Amino acid sequence: MPFREVNAKMVEATIAPGQKMFSQRGAMLAYRGDVTFTPNMAGGQGGLMSMIGRRVAGEAAPLMTVEGRGTVMFGHGGHHIQVIQLSGDTLYVEADRLLAFDGTLEQGTMFMGAQGGVMGMVRGQVTGQGLFTTTLKGHGAVAVMAHGGVIELPITPGQPVHVDPQAYVAHHGDVRNKLSTALGWRDMVGRGSGEAFQLELSGSGAVYVQASEEKL
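Bear in mind the structure is a predicted one, so any value in this text is a computation, not a measurement.

A. The arrangement of the overall build of the protein in detail. The number of helices and strands found in the protein is two helices and 13 strands. The buried share of the protein, taken over its 216 residues, is 50%. Summarising the internal contacts of the protein: among those between residues at least 6 apart in sequence, 79% fall at separations of at least 24. Accessible surface, the protein as shown: approximately 9800 Å² in total, 53% of it carbon and sulfur.

B. Expanded view of the nonpolar core. Leu 86, Leu 91, Leu 98, Phe 101, Leu 136, Val 142 and Val 144 are the most contacted members of the largest nonpolar core, which has 17 residues in total. Secondary-structure elements contributing two or more residues to this core are strand E6 (80-93), strand E7 (98-102), strand E9 (132-146) and strand E12 (168-181). Once you skip the residues sitting within four places of it in the chain, Leu 91 turns out to touch Ile 84, Leu 86, Thr 134, Thr 135, Leu 136, Val 142, Ala 170, His 171 and His 172.

C. A look at the pairing of strand E5 (residues 63-74). Relative to E5, strand E2 (residues 10-15) runs antiparallel, the two being bridged by five bridges. Looking at E5, one finds that Ile 15 is bridged to Gly 70. Of the strand pairs in this sheet, strand E3 (residues 20-24) and E5 are connected by five bridges, and their pairing is antiparallel. By the bridge assignment, Met 21 is partnered in E5 with Val 66.

Parameters at a glance
Residues numbered from 1 in each chain as written. Predicted model: local features only at pLDDT ≥ 70, side-chain atom pairs only at ≥ 80, totals over all residues. Heavy atoms only, no water. Helix = DSSP H or I, 4+ residues; strand = E, 2+ residues; numbered from the N terminus. Buried < 20%, exposed > 50% of the residue type's maximum accessible area, 1.4 Å probe, protein only. Contact = heavy atoms within 4.5 Å. Areas by Shrake-Rupley, 256 points an atom, 1.4 Å probe, with all protein chains shown as cover. Core = buried A, V, L, I, M, F, W, Y, C linked by side-chain atoms within 4.5 Å. Pairing = 2+ DSSP bridges.

What follows is the structure, given as structure tokens:
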């Protein structure tokens, strides 16, 4: 079900019988019609393994299952909202950046070190970002949150994109990621992000970058 962007910090979704969507707890701002909101401890469509991944990553807060007939307006903390439309591909996004998404999307969890090796693990230890990234796969819409607006940067073969790990919001496509350092270890003492670390994304797809390095 598509989202309608009310403004930069609020979206509206239409809920129909037989359909469902998932939202972050506290994301509902207002609704019209006969709509119910139920805590979902199974972690959405990903089931038990998805919830285990969220617990390991310190993200055990349940999603809310939204069902019924009506319209719901979503927003959270005054954050900027970006709507991403998936057409069968997989979106990788920090779990705490998810605002709401179609119930048809399959949810899972990816360990960042699986793509970035040891340096992928360093990302979580040094920059403060999570070691686990939520995946959403299929056809549907996703609303994600960010600080200060979002820009979509295309990733094309032979032209990797380098992103400050704390400015990273999400990415999709056939993309590999790895963490690299622009400075020597001696120079990085006291530095947690910025020029000291760069998240390199290569392949074919797109990455979403927020205007601020502040975490949600």
